[in-house]
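The residues making up each chain are set out below.
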Amino acid sequence: MEPIKKQNPIHSGYGAETRAKEVVADEDLRGKVAIVTGGYSGIGLETTKVLAQAGAVVVVPVRNREKGERALAGIPNVEIDTMDLMDPKSIDTFAHRFVETNRPLHILINSAGVMAPPLRRDERGYESQFSTNHLGHFQLTARLWPSLKKAGGARVVAVSSRGHRLGGINFDDPNYQSTAYDKWKAYAQSKTANVLFALKLDELGKDKGIRAFSVHPGLIPTTDLGRDLTEKEMGPKPVQNGEKKDIFSKIKASFKSIEQGAATSVWCAVSSQLKEHGGVYCEDVDIAEAVPEDSGKENGVRPWAIDLESAENLWTLSEKMTGVLFPE
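Reading the values: the criteria
Residues numbered from 1 in each chain as written. Predicted model: local features only at pLDDT ≥ 70, side-chain atom pairs only at ≥ 80, totals over all residues. Heavy atoms only, no water. Salt bridge = Lys/Arg side-chain N within 4 Å of Asp/Glu carboxyl O. Buried < 20%, exposed > 50% of the residue type's maximum accessible area, 1.4 Å probe, protein only. Helix = DSSP H or I, 4+ residues; strand = E, 2+ residues; numbered from the N terminus. Core = buried A, V, L, I, M, F, W, Y, C linked by side-chain atoms within 4.5 Å. Contact = heavy atoms within 4.5 Å. Pairing = 2+ DSSP bridges. Right-handed = clockwise from strand over helix to strand, strands pointing away. Axes fitted to C-alpha atoms, helices over the stretch in contact; angles between N-to-C directions. Parallel < 35°, antiparallel > 145°, perpendicular 65-115°, else oblique. Left-handed = near helix turned anticlockwise from the far one by under 90°. Nonpolar A, V, L, I, M, F, W, Y, C, P; charged D, E, K, R; others polar.

*Asks:* Run through the pattern of salt bridges, naming residues and quoting values.
*Replies:* A complete count under the given rule lists 14 salt bridges for this structure. With a shortest N-O distance of 2.7 Å, Arg 30 and Asp 28 are connected by a salt bridge. Take Arg 30: its relative accessible area is 63%, and that puts it in the exposed class. Using a relative accessible area of 44% as the deciding quantity, one classes Asp 28 as partly exposed. With its nearest N and O atoms 2.9 Å apart, the salt bridge here joins Lys 200 to Glu 312. With a gap of 112 residues between them, Lys 200 in helix α7 (residues 183-205) and Glu 312 in helix α10 (residues 308-322) connect regions that are remote in the sequence. Since its relative accessible area comes to 33%, Glu 312 is described here as partly exposed. In this structure, a network of salt bridges that share partners links the residues Lys 200, Glu 203 and Glu 312.

*Asks:* Please set out the nonpolar core residue by residue, giving values where relevant.
*Replies:* Core analysis: the largest hydrophobic core is formed by 38 residues, its most contacted members being Leu 51, Val 58, Ile 109, Val 266, Cys 268 and Val 270. Looking at this core, the elements that each hand over two or more residues are α1 (20-23), β1 (33-37), α2 (42-53), β2 (57-62), β4 (107-110), β5 (154-159), β6 (210-216) and α9 (263-270). Those residues within four positions of Val 266 in sequence are excluded, and the remaining contacts are Ala 20, Val 23, Val 24, Thr 47, Val 50 and Leu 51. Counting 30 residues, the second largest nonpolar core, distinct from the first, contains Val 33, Ile 35, Ala 154 and Ala 158.

*Asks:* Got a sec to walk through the pairing of strand β3 (residues 78-82)? Specific residues and values, please.
*Replies:* In this sheet, β3 lies alongside β2 in parallel orientation, the contact comprising five bridges. For Pro 61, the partnering residue across the bridge sits in β3 and is Asp 81. Handedness of the crossover joining β2 and β3 through helix α3 (residues 65-72): right-handed.

*Asks:* An account of the packing of helix α4 (residues 88-100) against helix α5 (residues 128-143) is needed here, citing residue identities and associated values.
*Replies:* Working note: a packed helix pair is described by the angle between its axes plus the distance between those axes. Between α4 and α5, the shortest axis-to-axis distance is 9 Å and the interhelical angle comes to 25°. If you check the angle between α4 and α5, you find them roughly parallel. Of the two elements, α4 crosses α5, and the hand of that crossing is right-handed. Of the residues in α5, those touching α4 at Pro 88, Ile 91, Asp 92, Phe 94, Ala 95 and Val 99 are Gly 136, Gln 139, Leu 140 and Arg 143. Among the residues forming the contact of α4 with α5, the class breakdown is six nonpolar, two polar and two charged.

What follows is the structure in structure tokens.
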């Protein structure tokens with residue numbers, strides 16, 4: 001394995017209870033343009049609100065336009081368009097419409113996602129969590145690359161999860177064609193992919209003024225993300241220690257409000273504290289610490305999610321699966 005990405009908390013002065021509006025309290029985002037996928041529900045909606053209220057124009061792509069219009073009614077500076085992350089043609093069409101406006105894109109927050117559904121596939125046969133949470137955002141970011149470059153200083157935020165600690169990428173069978181489907185392992189794979197994506201994207205973009213970050217927003221019990229879960233399934237999942245013993249009972253769930261859950265994404269999108277950083281995994285409005293793979297800690301980023309070789313391999317796999325290459 002290649003060296004992992006260094007993860008050094010910067011002691012931002014914020015914390016787990018910080019709300020998104022506190023992060024932008026002193027920010028003037030007038031003249032900035034943002035796109036927030038999933039920006040009409042849960043933490044995505046809160047992200048849209050605080051960015052728009054700080055002056056940014058926020059474009060929100062939605063699958064269901066009527067639902068999006070209801071959720072976003074009354075919020076200033078918001079534009080609604082249509083897109084489905086499991087439909088490559090829909091992604092291309094949305095991105096083409098935006099690029100054709102000739103506007104710079106200062107902030108791209110890839111917040112939309114699904115969590116632990118029954119086995120579903122897109123039209124290509126790709127498993128739905130990998131398709132939606134990773135591949136769709138990979139393609140979207142590539143198609144929006146000209147607009148990100150035009151900003152002369154852009155941020156891309158991949159909303160991941162501490163669920164990445166449940167496992168890495170199955171490079172041999174990412175779509176569960178021969179492996180028995182495990183919805184939590186599939187979720188972990190997609191969330192690990194978000195972290196590795198930001199790591200590689202930052203490497204590609206930093207010389208062009210594009211920095212990338214991945215984020216664990218926190219455990220939020222009141223969003224649509226867990227629509228496929230029973231009440232019993234909500235909350236932290238078991239991990240194993242070095243002796244392969246279940247340490248579930250030692251991990252206590254720490255739930256956040258939606259306002260608190262959106263804070264780290266917004267911080268990564270706008271904060272000058274991260275000016276010299278990029279490609280890092282963040283949580284509780286700070287850069288997270290790297291922890292061993294058998295750590296029993298509630299938080300922290302696991303080695304397989306910040307491994308440079310894995311990031312390269314995922315990039316190659318993603319290009320192959322989507323047929324999409326990032327432009328220069």
